[in-house]
Amino acid sequence: MSLTVVGSIAFDAIRTPFGERERALGGSAVHFSLAASFFTEVRPVGPVGDDFGEAEYEVLRRHGVITDDIEHVEGGRTFFWSGEYDWDLNTAHTLDTQLNVFGDFEPKLSQASRESDLLFLANIQPDLQRDVREQCTGAQLAALDSMNFWIESTRESLIQTISVVDMVLMNDAELRMLTEEPNLMRAAAAVRAMGPRVVIAKQGEYGAALFTEDGFFALPAYPLETVRDPTGAGDSFAGGLMGYLDSQDGALDDATLRRAMTYGSTLASFWVEEFGCERAERLTREEIDERYEEFKRITSIEWVPASGG
Ligand code: AMP
């Protein structure tokens, strides 16, 4: 099995009450790929500029991420995002977004990426997401994330893209914003009515909720005493979830989805302990599995249906 992701590849300037970074490696496709790399082979698609050097490629390659579909745009600058968080670490306040090389990017996927079994359309311009969805004709499962920036500026295009995916993973506030439904149950139902079978609402430090035809499931976040920077929490959650699904041959039954969410939350819990993807750089699969087992033990909810393991 294999997994392709299109999304931002970025440098981030981040400020939280616990510190700051001027130029952290980031972007939705980067956080996603690093998280998914603990489960499967992953291929990020996207452009970078002259400022994206060997050191950045190395972070990805050390994790076995296939970088063939990262396109170097000569003379260009890499996507840049600047944001800050106050004591409520659940809400990112965007200070600046510079699309740079994403401004006129036209994705041209390699044969291997087009043939991926699973596809994740991480947070980026929805026209680009749809372009990549159309090129990945063989993908048996396509999922999507987005954010308020795109809901406000490209709403119709985003709805069109949602209609061609199987699963939507978005922040609960953004699901409400997109559907103009203040109630989360109704908002999830409205998104499912657009086409996708599965909707997952990310709820920051409160966890995540799953909506399918068979019902509803809620998972708390892994309880942490130290959270320094939530940047990348959503993308590492998605990377862990999709990486695990890829390792399970893309099964989409509720029991598998619940395990996938638990892996996603486990990955996100490591991400937020340090800035950007710094914690990921020395994370091991053993640490992930250990925390996953601990997570199962301390959540007293019926996290897998009786038929599950
Ligand atoms: P999250 O996982 O939701 O915290 O996403 C964090 C990442 O989203 C950061 O590394 C940013 O580079 C990236 N990002 C922020 N704004 C945008 C945007 N408008 N489009 C694509 N990526 C973005």
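Residues numbered from 1 in each chain as written. Predicted model: local features only at pLDDT ≥ 70, side-chain atom pairs only at ≥ 80, totals over all residues. Heavy atoms only, no water.

Undergrad: Outline unusual backbone geometry, supporting the account with residue identities and numerical values.
TA: Of note in the backbone geometry, Asn100 takes a positive phi value of approximately 50° without being a glycine. At Glu180, a position not held by glycine, the phi torsion is positive, near 55°. Looking at the element boundaries, Glu180 is found in the loop between helix 7 (172-179) and helix 8 (184-193). Glu180 sits in the exposed class, given a relative accessible area of 62%. (Helix = DSSP H or I, 4+ residues; strand = E, 2+ residues; numbered from the N terminus. Buried < 20%, exposed > 50% of the residue type's maximum accessible area, 1.4 Å probe, protein only.)

Undergrad: Quick one: what's the story with the sheet that holds strand 6 (residues 79-84), residue by residue and with numbers?
TA: Taken in spatial order, the four strands of this open sheet run 3-2-6-7, and their pairing is mixed. Looking at the sheet topology across the chains shown, the edges are occupied by strand 3 (19-26) and strand 7 (93-98). On average, each strand axis in the sheet is inclined to that of its neighbour by 15°, with strand direction left out of account. (Pairing = 2+ DSSP bridges. Axes fitted to C-alpha atoms, helices over the stretch in contact; angles between N-to-C directions.)

Undergrad: Which residues make up the site of the ligand, and what values go with them?
TA: Neighbouring the ligand are 19 residues, the closest being Ser8, Asp12, Gly27, Gly232 and Asp235. Interatomic distance of 2.8 Å between a side-chain N/O atom of Ser8 and a nitrogen atom of the ligand. Looking at the shell around the ligand, the elements that each hand over two or more residues are strand 2 (10-16), strand 6, helix 5 (148-153) and helix 9 (233-247). Top contributing element to the shell around the ligand by residue count: helix 9, with three residues. Within the shell around the ligand, the residues separate by chemical class into nine nonpolar, eight polar and two charged. (Near = heavy atom within 4 Å. Polar contact = N/O pair within 3.5 Å; in protein donor to acceptor, adjacent residues only side chain to side chain. Nonpolar A, V, L, I, M, F, W, Y, C, P; charged D, E, K, R; others polar.)

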